[in-house]
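So you can see what is in the structure, the chains are spelled out below.
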Amino acid sequence: MVVSLVATAFWAMLPAYVPNNAAVLAGGGRPIDGGRTWGGRRVLGDGKTWRGTAAGTLVGTLLAVVLNAVGPAVSGALGVALPTFPLAAGFGLALGAMLGDIGASFVKRRSGRERGAAFPGLDQLDFVVGALALAFVAAPGWFAATFTLPVLAVVLVMTPVLHVVTNVGAYLLGLKNEPW
């Protein structure tokens, strides 16, 4: 039961977990806010670009397609019925993750935090809230069948742990300037 919940939660969130990393790799380019300020602070900052957002959304959506292709084999190996992704759900998870992260940047700038500054809680769950909200809008039937309350609970516990572990690992490998 626990293995099934964790496997389902992780699998269902993969198209949301990957986009922000893809955005960093493909980043650069024109900032979404165009350098504009509000109240003396950047609206979003240089880290939120059109190219990164498009790349992250594309990679997350394509990952959902790949997961559909390999899903039966992985389900058989794990002995767990893993969800498949309608295209709208994969797109919703990926774009929602990007929009959640963009929203968090907006909140961080309004609170006076600089780019890269830690904001515990928000840093770990911003993209989750965006991904789940947009997946619900894009594919409500799939969302209700996939994200049951136990699966949602696992996502909300597992995601901050994964976030901390992967960020510390990236920092130790020299891929990030800060460990959060």
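To keep things clear, this report deals only with the structure shown in the data block. (Residues numbered from 1 in each chain as written. Predicted model: local features only at pLDDT ≥ 70, side-chain atom pairs only at ≥ 80, totals over all residues. Heavy atoms only, no water.)

1. Considerations on helix H1 (residues 2–17)
At 3.6 residues per turn, the α-helix brings residues three or four places apart onto the same side. Using the following cut-off: What the bend at a residue measures is the angle between two axes, fitted to the seven residues ending there and to the seven starting there. Numbering of helices and strands runs from the N terminus; a helix is a DSSP stretch of H or I covering at least four residues, while a strand is a stretch of E covering at least two. The classification of residues rests on relative accessible area computed with a 1.4 Å probe and restricted to protein chains. Under 20% of the type maximum is buried, over 50% is exposed, and intermediate values are partly exposed.
Considering bend angle alone, the principal kink of H1 is centred on Trp 11 and spans about 25°; proline Pro 15 follows within four residues of it. Inspection of H1 places Leu 5, Ala 7, Thr 8, Ala 9, Trp 11, Ala 12, Met 13, Leu 14, Pro 15, Ala 16 and Tyr 17 among the buried residues, and these make up the whole buried set.

2. Let's talk about the side chain of Asp 126
To keep things clear, this is the line we draw: It only takes one pair of heavy atoms within 4.5 Å for two residues to be counted as in contact.
Position of Asp 126 relative to the elements: it lies in helix H5 (residues 122–138). When near neighbours in sequence (up to four residues on either side) are disregarded, Asp 126 contacts Gly 100, Asp 101 and Ala 104.

3. A short note on the nonpolar core
Stated formally: Nonpolar cores are built from buried Ala, Val, Leu, Ile, Met, Phe, Trp, Tyr and Cys residues. Side-chain atoms within 4.5 Å join them into one set.
Counting 30 residues, the largest nonpolar core has Met 13, Phe 85, Leu 93, Trp 142, Phe 147 and Val 155 as its most contacted members. Sorting the residues of this core by element identifies H1, helix H3 (50–78), helix H4 (87–110), H5, helix H6 (140–146) and helix H7 (149–172) as the ones contributing at least two each. Looking at this core, the element that brings in the most residues is H1, giving nine residues. Every residue in contact with Trp 142, bar those within four places of it in the chain, is listed here: Pro 83, Thr 84, Phe 85, Pro 86, Ala 89, Leu 93, Ala 135 and Phe 147.

4. Topic: the pattern of salt bridges
Selection criterion: Between Lys or Arg on one side and Asp or Glu on the other, a salt bridge is scored when a side-chain nitrogen of the former is within 4 Å of a carboxyl oxygen of the latter.
Within the structure shown, the criterion is met by three salt bridges. With a closest N to O distance of 2.7 Å, Asp 33 and Arg 42 form a salt bridge. Since its relative accessible area comes to 5%, Asp 33 is described here as buried. The partly exposed category is assigned to Arg 42, whose relative accessible area is 23%.

5. Here's the deal with the packing of H1 against H4
Rules: In this analysis an axis means a line fitted to C-alpha atoms, helices contributing only their contacting stretch, and an angle means the value between N-to-C directions, from 0 to 180 degrees. Roughly parallel means an angle under 35 degrees; roughly antiparallel means over 145; roughly perpendicular covers 65 to 115; every other angle is labelled oblique.
Where H1 meets H4, the closest approach of the two axes is 7 Å, and the angle between their N-to-C directions is 55°. On the basis of the axis angle, H1 is oblique to H4. Residues Ala 12, Pro 15 and Ala 16 of H1 lie in contact with H4, whose contacting residues are Gly 90, Leu 93, Ala 94 and Ala 97.

6. Brief notes about the environment of Leu 14
In this structure, Leu 14 sits in helix H1. Judged by its relative accessible area of 15%, Leu 14 is buried. Residues Leu 14 and Leu 63 lie 49 residues apart in sequence; the distance between their C-alpha atoms is 7.8 Å. Setting aside its immediate chain neighbours within four residues, Leu 14 contacts Pro 19, Leu 63 and Leu 67.

7. A closer look at the packing of aromatic side chains
Where we set the bar: Only Phe, Tyr and Trp rings are paired, with Trp represented by its six-membered ring, and only when their centres lie within 6.5 Å; those with planes under 30 degrees apart are stacked, over 60 edge-to-face, the remainder tilted.
In the structure shown here, the tally under the stated rule is seven aromatic pairs. Relative to Phe 127, the ring of Tyr 17 has its centre 6.0 Å away and its plane inclined at 70°; by these criteria the two rings are edge-to-face. Here Tyr 17, found in helix H1, pairs with Phe 127, found in helix H5; they are 110 residues apart in sequence, far enough to count as distant. Neither Tyr 17 nor Phe 127 differs from the other in exposure class; each is buried. For the ring pair Trp 142 and Phe 147, a centre distance of 5.7 Å and an interplane angle of 80° mean the geometry is edge-to-face. With relative accessibility at 12%, the residue Trp 142 sits in the buried group. Taking the relative accessible area as the measure of exposure, Phe 147 reaches 4% and is therefore buried. Here a set of aromatic residues connected by ring pairs shows up, and it is made of Phe 85, Phe 136, Trp 142, Phe 143 and Phe 147.

8. Concerning a nonpolar patch on the surface
This is how the line gets drawn: Patch membership is restricted to residues that have no salt bridge and whose relative accessible area is over 30%. Joining uses 9 Å for like charges and 5 Å for the nonpolar side chains Val, Leu, Ile, Met, Phe, Trp and Tyr. Surface accessibility follows the Shrake-Rupley procedure with a 1.4 Å probe radius. Residue values consider only the protein chains on display as shielding.
A grouping of Val 164, Val 168, Tyr 171 and Leu 172 is seen on the molecular surface, where their side chains present a nonpolar patch of about 370 Å² in accessible area. Structurally, the position occupied by Tyr 171 is in helix H7. Exposure remark for Tyr 171: the relative accessible area of 39% places this residue in the partly exposed category.

So, to be careful, I would describe these as geometric facts and stop short of saying anything about function.
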